[in-house]
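Geometric and topological summary
These are the residues of each chain, in order.
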Amino acid sequence: MTLRRLLLPIDALGPADTTARVVQLMAGLALYGLSLAMLVRADLGVGPWDVLALGIANHLPMTYGTATVVVSCLVLLIWIPLRQRPGIGTLLNGFLVGPAADLGLWLIPETSVLWQQVLLLAGSIVLLAFATGVYIAPALGPGPRDGLMTGLVRITGWRIWIIRTLIEGTALLVGWLLGGPVGIGTVIFAFGVGPLIGLFLPFFERRRAAKASRLRAARLAASTGE
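The structure contained in this document is the topic of the report that follows. Note that the coordinates shown come from a computational prediction; the quantities given were computed from them, not determined experimentally. (Residues numbered from 1 in each chain as written. Predicted model: local features only at pLDDT ≥ 70, side-chain atom pairs only at ≥ 80, totals over all residues. Heavy atoms only, no water.)

**Re the overall build of the protein**
Put simply, the rule is: Strands are runs of DSSP state E lasting at least 2 residues, helices are runs of H or I lasting at least 4, and numbering of each runs from the N terminus. We compute the radius of gyration over the C-alpha atoms and compare it with the globule rule, which gives 2.2 Å times the number of residues raised to the power 0.38.
For the protein, the count of helices and strands is 9 helices and 0 strands. Moving toward the C terminus, one meets the helices and strands of the protein in the order α-α-α-α-α-α-α-α-α. Since a compact globule built from 226 residues should have a radius of gyration of about 17 Å, the 19 Å found for the protein is in line with a globular shape. Counting only C-alpha atoms and orienting by the principal axes, one finds that the protein spans roughly 65 × 40 × 35 Å.

Set out below in structure tokens:
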């Protein structure tokens, strides 16, 4: 079986469009990793998957970023029985966010000053929501965790909020048992990031749809000689 058959096809509108989408995807993932580093440096609690990654990093000789990659790989293994097909965006998500987070941790110093921690927490949630819109809009494949959620919804027929709650609740519980940091930031993240993604994602999706429409119109005009 070739790699092309394993991966989701790219709805290509030309090499320039594909390149622009991949660049946007990578920029979004880099910003996403930076937002995770800000969340960790705030030291007020992190999101469920990061509780798990930091819990793993507490027990194994690896950085937080490496643990994030390990978690992504484990999640992708669960895709196999779910018969989920990854895209190039899925693979880049799994392998780039962790190193970007480690780079962010190297750049951002630790702090115990409360107002700085609050600013880092607020900034990380806003940046994460923004970055999510940036990397999802190119439509190059779901992230490992998103694909796990949609795969389980398809297999079980359960409502998406039930599956998402079960997945993130499990990650949070296991991470907490491993010593991952849970705090007020975890609660704020859980309730704050969704509405913000709801603001940013449609904006980037509309931009993507408008650009795709222009490209299709240009190709049609070229093919008809207008």
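**Structural notes on the packing of aromatic side chains**
Stated formally: Planes of paired rings set the category: under 30 degrees apart is stacked, over 60 is edge-to-face and the rest tilted, where pairs are Phe, Tyr or Trp rings (Trp by its six-membered ring) whose centres lie within 6.5 Å. Each residue is placed in one exposure class: buried if its accessible area under a 1.4 Å probe, protein chains only, is under 20% of its type's maximum, exposed if it is over 50%, and partly exposed if it falls in between. Only when the NZ atom of a Lys or the CZ atom of an Arg is both within 6 Å of the ring centre and within 35 degrees of the ring normal do we say a charge sits over the ring.
Under the defined criterion, the tally for this structure stands at 4 aromatic pairs. Here the aromatic rings of Tyr32 and Tyr135 are separated by 5.6 Å at their centres, their planes lie at 85°, and the arrangement is edge-to-face. Here Tyr135 lies in helix α6 (residues 114-136) and Tyr32 lies in helix α2 (residues 15-42), a separation of 103 residues in the sequence. Tyr135 matches Tyr32 in its accessibility class, with the two residues each being buried. Each member of the aromatic cluster is reached from another via a ring pair, and the members are Phe130, Phe200, Phe203 and Phe204. The lysine or arginine in question, Arg145, covers the ring of Trp49, its NZ or CZ lying 5.2 Å from the ring centre.

**Remarks on a nonpolar patch on the surface**
Quick note on the threshold: Residues enter a patch when their relative accessible area is above 30% and they make no salt bridge; the linking distance is 9 Å between like charges and 5 Å between nonpolar side chains (Val, Leu, Ile, Met, Phe, Trp, Tyr). Accessible surface is estimated by sampling points in the Shrake-Rupley manner with a 1.4 Å probe; for residues, cover comes only from the protein chains shown. We define a salt bridge as a side-chain nitrogen of Lys or Arg found within 4 Å of a carboxyl oxygen belonging to Asp or Glu.
A contiguous nonpolar patch, built from Leu173, Trp176, Leu177 and Val182 and spanning about 440 Å² of accessible area, is present on the exposed surface. Topologically, Trp176 is positioned in helix α8 (residues 160-177).

**A look at helix α4 (residues 64-82)**
Test applied: To estimate the expected span of a helix, count its residues, drop one, and scale the result by 1.5 Å. Two residues form a contact once any of their heavy atoms are found within 4.5 Å.
Between its terminal C-alpha atoms α4 stretches 27 Å, which fits the 27 Å expected from 19 residues at 1.5 Å a residue. Of all the residues in α4, the buried ones are Tyr64, Gly65, Ala67, Thr68, Val69, Val71, Ser72, Val75, Leu76, Trp79 and Leu82. Among the structural elements, α2, α3 (48-59), α5 (88-107) and α7 (144-156) are those in contact with the buried residues of α4. Count one or two residues on from α4 and you reach Arg83, which has phi positive near 55°.

**Examining the pattern of salt bridges**
If you walk through the whole model with that rule in mind, you get 4 salt bridges. The partner of Glu110 in a salt bridge is Arg41, and the shortest N-O contact between them spans 3.9 Å. Taken as a pair, Glu110 in the loop between α5 and α6 and Arg41 in helix α2 lie far apart in primary sequence, 69 residues in all. The partner of Glu168 in a salt bridge is Arg164, and the shortest N-O contact between them spans 3.4 Å.

**Some words on the packing of α2 against α6**
Stated precisely, the cut-off is as follows: Between N-to-C directions, angles span 0 to 180 degrees; the directions come from axes that are lines fitted to C-alpha atoms, helices contributing only their stretch in contact. Should an angle lie under 35 degrees it is considered roughly parallel, over 145 roughly antiparallel, and from 65 to 115 roughly perpendicular; all remaining angles are considered oblique. For any helix crossing, the convention is left-handed if the near helix is rotated counterclockwise from the far helix by under a right angle, and right-handed if that rotation is clockwise.
It is the contact of α2 with α6, at a shortest axis distance of 8 Å, that shows an interaxial angle of 160°. Regarding the angle of α2 to α6, the classification is roughly antiparallel. By crossing handedness, the relation of α2 to α6 is classed as left-handed.

**Observations regarding the packing of α6 against helix α9 (residues 184-224)**
Stated formally: Under this grouping Gly is polar, as are all residues other than the nonpolar Ala, Val, Leu, Ile, Met, Phe, Trp, Tyr, Cys and Pro and the charged Asp, Glu, Lys and Arg.
Put simply, α6 and α9 touch, their axes get as near as 8 Å, and they point 40° apart. Once α6 is placed against α9, the crossing between them reads as right-handed. In this structure, α6 contributes Leu121, Ile125, Val126, Leu128, Ala129, Phe130, Thr132, Gly133, Val134 and Ile136 to the contact, and α9 contributes Gly185, Ile188, Phe189, Gly192, Val193, Leu196, Ile197, Phe200, Leu201 and Phe204. Its residues placed into classes, the contact of α6 with α9 shows 16 nonpolar, 4 polar and no charged.

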